[in-house]
Amino acid sequence: MSNSNAGDAAKSKGPWHLPIMVLCGIGGYLLGKYVLAQALPDSIALERSEAIALVVAAIYLVIGLVTLLASMSQRMGLAWRVFDDEEAWQDERALTLVSAMACLLLAAIPVVLVMAGSLEQLGKGAALGIIAPLALASAFLTWRCWQMMDELWRMVTNEATVVAFWLVFCFGSAWSIAAQLQFAMPLAPLDWISLFLVASLVASVLATVKRGMHEG
């Protein structure tokens, strides 16, 4: 893809990604906070970290499902503005499909951890036995995404990686300093997982929109 064509593709793609991702995020938040929370028995009280993890998992679930449906149905993909036109759907649906599958696998990991926590639906060994293949499959699909990306999307991914690092570093360091000085509670292990997932998602959206608005 030439720089000119890459810029044109990004300009048409970038501005539409932000509202779509915001709507998916709101839908996932509502699903995690109200639907999943209401489905739990009154006798089960989730820890703060577990409740946040479920919300994050729900956001990834909604985004993964929307992306999956958009990549399988041209009508949905165009109506939801996931793809610019029929040609884009043909060219990018394979990459989008793999990305959606990776997103859904990532959504399952916090759920399994919560099930092994306060829900006590899984033993630690069983949870690890489920999470390990989920993580390996997600890593493989992410690698496949990288192989399938063109020059533009690799640039976007590289930028998103840098942004995600600084989001985790700045927020995690600031919170850890506050916790060390006893101004806040330390982040739990599950909080760090949620932070990594949220930072990756936010960074992806910011990098895509930035490239779409400024690439020429």
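Residues numbered from 1 in each chain as written. Predicted model: local features only at pLDDT ≥ 70, side-chain atom pairs only at ≥ 80, totals over all residues. Heavy atoms only, no water.

Caption draft 1: Inspection of the overall build of the chain at higher detail. Each helix and strand counted, the chain has seven helices and zero strands in total. Counting from the amino terminus, helix and strand elements in the chain follow one another as α-α-α-α-α-α-α. By the burial criterion, 37% of the 216 residues in the chain qualify as buried. With an accessible surface of roughly 12,200 Å², the chain has 68% of that area assigned to carbon and sulfur atoms. (Helix = DSSP H or I, 4+ residues; strand = E, 2+ residues; numbered from the N terminus. Buried < 20%, exposed > 50% of the residue type's maximum accessible area, 1.4 Å probe, protein only. Areas by Shrake-Rupley, 256 points an atom, 1.4 Å probe, with all protein chains shown as cover.)

Caption draft 2: Just unusual backbone geometry, in detail. Of note, the phi angle at arginine 81 is positive, near 65 degrees, even though the residue is not glycine. Examined against the element boundaries, arginine 81 turns out to sit in the loop between α3 (74-79) and α4 (86-115). Positive phi, normally seen in glycine, also occurs at glutamine 182, with a value near 65 degrees. Relative to the helices and strands, glutamine 182 resides in the loop between α6 (151-180) and α7 (189-214). What makes glutamine 182 exposed here is its relative accessible area of 72%.

Caption draft 3: Local environment of α4. With 30 residues, α4 should reach 44 Å at 1.5 Å per residue; the first-to-last C-alpha distance of 41 Å fits that figure. Where α4 begins, the capping side chain belongs to aspartate 85, and its oxygen is found 3.2 Å from the backbone nitrogen of glutamate 87. (Expected span 1.5 Å × (residues − 1). Polar contact = N/O pair within 3.5 Å; in protein donor to acceptor, adjacent residues only side chain to side chain.)

Caption draft 4: Inspection of the packing of α4 against helix α5 (residues 124-148) at higher detail. The N-to-C vectors of α4 and α5 enclose an angle of 160 degrees; their axes lie 9 Å apart at closest approach. Taken together, α4 and α5 sit at an angle that is classed as roughly antiparallel. Both α4 and α5 take part in a crossing whose hand is left-handed. In contact with Ala94, Leu95, Val98, Ser99, Met101, Ala102, Leu105, Leu106, Ala108, Ile109, Val112 and Leu113 of α4, α5 contributes Ala127, Ile130, Ile131, Leu134, Ala135, Ala137, Ser138, Leu141, Thr142, Arg144, Cys145 and Met148. Here the contact of α4 with α5 is composed, by residue class, of 20 nonpolar, three polar and one charged. (Axes fitted to C-alpha atoms, helices over the stretch in contact; angles between N-to-C directions. Parallel < 35°, antiparallel > 145°, perpendicular 65-115°, else oblique. Left-handed = near helix turned anticlockwise from the far one by under 90°. Contact = heavy atoms within 4.5 Å. Nonpolar A, V, L, I, M, F, W, Y, C, P; charged D, E, K, R; others polar.)

Caption draft 5: Structural detail: α5. Given a rise of 1.5 Å per residue, 25 residues ought to cover 36 Å, and the 36 Å separating the end C-alpha atoms of α5 matches this to within 8%. For α5, the set of buried residues is Ala127, Ile131, Leu134, Ser138, Leu141 and Cys145.

No statement about biological role is implied by the geometric values presented.
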